[in-house]
Amino acid sequence: MDLVIGPLDLSAHVDEALAVQAVAFGLGPTSRVLEPSDLDAALAVLDREPVANAFVTARVQIAGLDPWRLGGEMWGWYEHGMLTSLCYAGANLVPICATPRAVRGFADRARRAGRRCSSIVGPAEPTAQLWRLLEPGWGPAREVRAHQPLMVTDRLPDDIAPDPYVRRVRKDEMERIMPACVAMFTEEVGISPMAGDGGLLYQARVAELVGSGRSFARFDADGKVVFKAEIGAATDRACQIQGVWMHPEYRGKGLAAPAMAAVLRHALADFAPVASLYVNDFNTAARRTYLRVGFQEVGAFMSVLF
């Protein structure tokens with residue numbers, strides 16, 4: 001990080017100081033970068049929507065609000081001196097419990113900082129508003145996924161037996177699971193995670209999921225991955241399933257629903273009382289599978305990919 005303070009940096013520091021003063025004296029609405037001492041207030045906001053906020057909540061619970069540990073800044077929006085909305089600004093820009101006025105404040109801050117994220121993602125309505133405000137300066141996006149159903153369940157299906165061959169991936173199976181993870185990411189995002197740094201960060205993330213027992217897969221007799229999924233985030237109130245992928249040779253054979261039921265069984269038994277995921281609205285096969293397993297649509301996310 002460049003620690004040399006030039007004119008633009010000095011202005012940002014002045015703005016931040018004024019924002020802190022406005023909060024301290026209960027003045028008009030304002031935003032500022034949160035500090036470690038703001039942790040309890042931030043967690044209270046995140047707890048208002050435990051399912052939608054599961055990914056960010058899990059990170060904050062582990063790392064706190066220190067930007068180096070969190071992997072980005074947490075911006076806070078204050079009304080009458082009270083923290084009401086958040087925005088995580090790291091590899092993703094994520095509005096959290098964001099009111100329209102808060103979104104405008106976050107957009108102003110994001111414009112001043114410049115784009116540093118690879119995507120904007122979050123609940124559809126505030127994310128759409130945020131993108132409308134940022135698109136003139138940040139656009140065009142590589143892709144906009146305006147409606148990604150958010151799906152939730154708190155129980156196993158009665159009529160689908162979990163696939164007994166879906167199990168946790170062992171630490172010594174990284175070389176076997178990695179190609180499937182790369183294939184999933186490339187299909188889902190449209191670019192390879194191995195680009196840029198040669199995949200170092202992505203491999204570290206996969207290793208973290210495997211090492212923490214949150215990666216699940218079914219292997220065939222030759223050791224090839226048939227199906228895989230991960231518990232991407234978990235709090236004491238909700239967990240989020242991600243990275244669901246079936247090898248093309250095995251698609252359309254009725255394996256997806258039992259495999260998802262197996263992952264769901266682990267999610268509810270070992271991680272949280274509620275499991276969630278979000279899916280592209282154009283992925284009709286996946287949506288049918290999730291509905292069969294018992295997931296219900298409760299909202300929608302939106303993603304802007306750069």
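To be clear, the structure that these remarks concern was listed above.
In short, a report on the structure. Treat the numbers as computed from the prediction; the structure is a model and nothing was measured. (Residues numbered from 1 in each chain as written. Predicted model: local features only at pLDDT ≥ 70, side-chain atom pairs only at ≥ 80, totals over all residues. Heavy atoms only, no water.)

## Considering the packing of helix 9 (residues 256-270) against helix 10 (residues 284-293)
The following threshold applies: Throughout, an axis means a line fitted to C-alpha atoms (over the contacting stretch in the case of helices), and angles, computed between N-to-C directions, take values from 0 to 180 degrees. Secondary structure is summarised from DSSP: a helix means a run of H or I of at least four residues, a strand means a run of E of at least two, and numbering begins at the N terminus for each. Put simply, angles under 35 degrees are roughly parallel, angles over 145 are roughly antiparallel, angles from 65 to 115 are roughly perpendicular, and the rest are oblique. Should the near helix be turned anticlockwise from the far one by less than a right angle, the crossing is termed left-handed; should it be turned clockwise, right-handed. Here a residue-residue contact requires only that any non-hydrogen atoms of the pair lie within 4.5 Å.
Viewed as axis vectors pointing N to C, helix 9 and helix 10 meet at an angle of 55°, and their least axial separation amounts to 9 Å. In this view, helix 9 runs oblique relative to helix 10, as classed from their interaxial angle. Read as a crossing pair, helix 9 and helix 10 show a hand that is right-handed. Each of Ala256, Ala257, Met260, Ala261 and Leu264 in helix 9 lies in contact with helix 10, whose residues at this interface are Thr289, Tyr290, Arg292 and Val293.

## Details of the pattern of salt bridges
Here is the rule we go by: Think of a salt bridge as a Lys or Arg side-chain nitrogen and an Asp or Glu carboxyl oxygen that are within 4 Å of each other. The rule is simple: take the accessible area with a 1.4 Å probe, protein chains only, and divide by the maximum for that residue type; under 20% is buried, over 50% is exposed, in between is partly exposed.
In this structure the tally under the stated criterion is 19 salt bridges. Notably, a salt bridge pairs Arg218 with Asp163, separated by 2.8 Å at the nearest N-O pair. You can see Arg218 sitting in strand 8 (residues 215-219) and its partner Asp163 sitting in the loop between strand 6 (143-153) and strand 7 (167-168), a full 55 residues away along the chain. Close ionic contact of Asp270 with Arg168 constitutes a salt bridge, the shortest N to O distance being 3.1 Å. Of this pair, Asp270 sits in helix 9 while Arg168 sits in strand 7, and the two are 102 residues apart along the sequence. The exposure class assigned to Arg168 is partly exposed, which follows from its relative accessible area of 32%. One connected set of salt bridges, linked through shared partners, spans Arg167, Arg170, Asp172, Glu173 and Arg176.

## Considering the sheet that holds strand 1 (residues 30-33)
In any sheet, the strands associate via hydrogen bonds between backbone groups, in a parallel or an antiparallel arrangement. Cut-off, in case you're wondering: Pairing between two strands is assigned when DSSP locates at least 2 bridges connecting them.
The 12 strands lie next to each other as 1-2-3-4-5-12-6-11-10-9-8-7, forming an open sheet whose pairing is mixed. Edge strands, defined here as strands with exactly one partner in the open sheet, are strand 1 and strand 7. Where strand 5 (residues 119-123) meets strand 12 (residues 296-305), five bridges bridge the pair, whose relative direction is antiparallel. If you follow Val121 over to strand 12, its bridge partner there is Ser303. Where helix 6 (residues 124-138) meets the sheet, its contacts fall on strand 4 (92-96), strand 5, strand 6 and strand 12, and the angle it forms with strand 5 comes to roughly 155°.

## Let's talk about the nonpolar core
Heads up, the rule is: Put simply, buried Ala, Val, Leu, Ile, Met, Phe, Trp, Tyr and Cys residues joined by side-chain atoms within 4.5 Å make one nonpolar core.
Phe227, Ile241, Met260, Val263, Leu277, Tyr290 and Phe295 are the most contacted members of the largest nonpolar core, which has 27 residues in total. Those elements that provide at least two residues to this core are strand 9 (225-234), strand 10 (239-246), helix 9, strand 11 (275-278) and helix 10. Per-element tally for this core: the top contributor is helix 9, with eight residues. If near-sequence neighbours (up to four positions away) are discounted, Tyr290 is found in contact with Met151, Val244, Met260, Leu277, Val279 and Phe295. In terms of nonpolar packing, the next biggest core, distinct from the first, is built from 26 residues, Leu46, Leu83, Ile96 and Val121 among them.

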